[in-house]
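# A structural walkthrough
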Amino acid sequence: MNKIEKALEACEKVIDGIEDSTITTESALLQCSKIARLTNDEENLIWLQYEYGGYPKNNDGRVISDAWNIAYKKGRGYQKDGKLYIFTELASELEEKITAQQKAVGNFTTNGASVSGELALLAMDRLTTNVHRSTITMVADVAIAQKRLASLKAQYYEYALKKHIELNFGNVATDVFARYREQVDLAFSELSKETLLKLQAIEGKINSGNPEMYSQALTTCRRLFESTAVELFSKHFPDYKDKVYKTKSGAEIDVSGNHYKNKLSAVIEKLEDKSMKKTLVGSNVIYLLDWIDNLSNLQCEGVHSDITKEDAERCILQTYMCLGDVLTLQ
């Protein structure tokens, strides 16, 4: 069983346990910590560690600012007299408090008590009143503790549920992408050697760790589209001599020289006509190419001086998918 499978199993224990009331809140908390550890969820792991071991305090005995903010956002916050507060009891402490006070309420009566003398009636009345007041106080304390415990339980349940959905979707996406990749890799293998070398060049740029190379990665992606457009246009329009191509909508586009976007549009339109299914390939490709050009132009103008690794990775992933969609249309 791998980490993802173990995390999913822990999610189900929390979800089913809370729904069926077969798990303590503390146990649910420990399972949530396991989920965070297995999925490398560092941010929530910090929160869950606070939940289990207590929220750190400064020398004055106050919860430190960052931890206080986490606690308030994670179900521990409440308002009183217009001010914001948090409660710091752990789930285990609340569970023990509720159990102990519920037992105390059941045992705290005047049964078996006896008084005598002239003031017996008054003494019994006072005893009864004190027992009644104490009982009301304990019942109120139990209600508060139960409310706070329910708030924590809801947080743990929500975390496990979100993680369960996230992990299940991730598994589905992985399977879908694996099948998609098989089709695309087969289609890529039919491209010319020159075009495939451009694909290989992208890998070296993204793994270089050099910010300047990220910009070059975008340029290489654009050139990959250019060479693919020229190659596919020659393949699907082998005897085309005109400079202009008329689309189905009646628009005329220039397919001469370096107008690779128009050549690619013409190819996509022809391939989509042969396809039995409607696709969004054309609009996706043009959107991506415009995004690459705009990002590059902004960098040249100094508006966006640095292209990040995230920009480059997004470009590479979308290039792979867009080109894959075009090639598999064949």
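Reference entry: report on the structure contained in this document. (Residues numbered from 1 in each chain as written. Predicted model: local features only at pLDDT ≥ 70, side-chain atom pairs only at ≥ 80, totals over all residues. Heavy atoms only, no water.)

## Things to note about the pairing of strand β2 (residues 83–86)
Operational definition: Whether two strands pair depends on DSSP finding at least two bridges between them. The way it works is that DSSP assigns letters per residue, a run of H or I at least four long becomes a helix, a run of E at least two long becomes a strand, and they are numbered from the N terminus.
With four bridges connecting them, strand β1 (residues 77–80) and β2 associate as antiparallel partners. Within the sheet, the bridge partner assigned to Gln 79 lies in β2 and is Leu 84. Between β1 and β2, which follow one another and run antiparallel, lie two residues, and Asp 81 among them has a positive phi close to 55°.

## Here we look at the packing of aromatic side chains
This is how the line gets drawn: Think of it this way: a Phe, Tyr or Trp ring, Trp meaning its six-membered ring, pairs with another when their centres are within 6.5 Å, and the plane angle makes it stacked under 30 degrees, edge-to-face over 60, tilted otherwise. Relative accessibility decides the category of a residue: with a 1.4 Å probe and only protein chains considered, values under 20% of the type maximum give buried, values over 50% give exposed, and everything between is partly exposed. Only lysine NZ and arginine CZ atoms are considered, and such an atom sits over a ring when it is within 6 Å of the ring centre and within 35 degrees of the ring normal.
As enumerated under the stated definition, the model contains 10 aromatic pairs in all. Ring geometry for Phe 233 versus Phe 237: centroids 4.8 Å apart, planes at 20°, classification stacked. As far as burial versus exposure is concerned, Phe 233 and Phe 237 are alike and both buried. Among the aromatic side chains, those forming a connected cluster through ring pairs are Phe 233, Phe 237, Tyr 240 and Tyr 245. Above the face of the Tyr 78 ring, Arg 148 is positioned so that its terminal group lies 5.3 Å from the ring centre.

## Let's talk about the pattern of salt bridges
Under the convention used in this document: Only one rule defines a salt bridge in this text: a Lys or Arg side-chain nitrogen within 4 Å of an Asp or Glu carboxyl oxygen.
Following the criterion strictly, the structure yields five salt bridges and no others. For Asp 41, the salt bridge goes to Lys 163, with nearest N and O atoms at 3.6 Å. With Asp 41 in the loop between α2 (25–38) and α3 (42–53) and Lys 163 in helix α6 (residues 120–188), this residue pair connects regions lying 122 residues apart in the sequence. Overall, the relative accessible area of 13% leaves Asp 41 in the buried class. In this structure Lys 163 comes out as buried when scored by relative accessible area, which is 8%. One salt bridge connects Arg 148 with Glu 89, and the closest N-O pair in it is separated by 3.2 Å. Note that Arg 148 is positioned in helix α6 and Glu 89 in the loop between β2 and α5 (91–107), a separation of 59 residues in sequence.

## Here's the deal with the environment of Ile 268
Within the secondary structure, Ile 268 sits in helix α9 (residues 260–274). The buried category is assigned to Ile 268, whose relative accessible area is 4%. Spatially, the C-alpha atom of Ile 268 lies 7.5 Å from that of Val 281, the residues being 13 residues apart in sequence.

## Some thoughts on the nonpolar core
The tendency in soluble globular proteins is for nonpolar side chains to be buried side by side. Going by this rule: For this analysis, a nonpolar core means a set of buried residues of the types Ala, Val, Leu, Ile, Met, Phe, Trp, Tyr and Cys, connected via side-chain atoms within 4.5 Å.
Core analysis: the largest hydrophobic core is formed by 39 residues, its most contacted members being Phe 188, Phe 225, Leu 264, Val 285 and Ile 292. Contributing elements (two or more residues each) for this core: α6, α8 (211–236), α9, α10 (281–301) and α11 (309–328). With nine residues, the top contributor of residues to this core is α8.

## So, a nonpolar patch on the surface
Put simply, the test is: Every patch collects residues that have over 30% relative accessible area and no salt bridge, joining them within 9 Å if they carry like charges and within 5 Å if they are nonpolar side chains (Val, Leu, Ile, Met, Phe, Trp, Tyr). The method behind every accessible area is Shrake-Rupley, applied with a 1.4 Å probe, and residues are considered shielded solely by the protein chains displayed.
A cluster of nonpolar residues, Phe 177, Leu 317 and Met 321, forms a patch on the protein surface that exposes about 250 Å² of accessible area. Residue Met 321 is classed as partly exposed on the basis of its relative accessible area, which comes to 35%.

## Considerations on the environment of Asp 16
Positionally, Asp 16 belongs in helix α1 (residues 3–20). Residue class for Asp 16 comes out partly exposed when judged on its relative accessible area of 41%. It is 9.4 Å that separates the C-alpha atoms of Asp 16 and Tyr 157, two residues lying 141 residues apart in sequence.

## Some details on α2
To be explicit about the condition: The span you would expect from a helix comes to 1.5 Å times its residue count less one.
With 14 residues, α2 extends 20 Å between its outermost C-alpha atoms, agreeing within 8% with the 20 Å of an ideal straight helix rising 1.5 Å per residue. Listed as buried for α2 are Thr 25, Ala 28, Leu 29, Gln 31, Cys 32, Ser 33, Ile 35, Ala 36 and Leu 38. Just downstream of α2, Asn 40 is the residue with a positive phi angle, here 55°.

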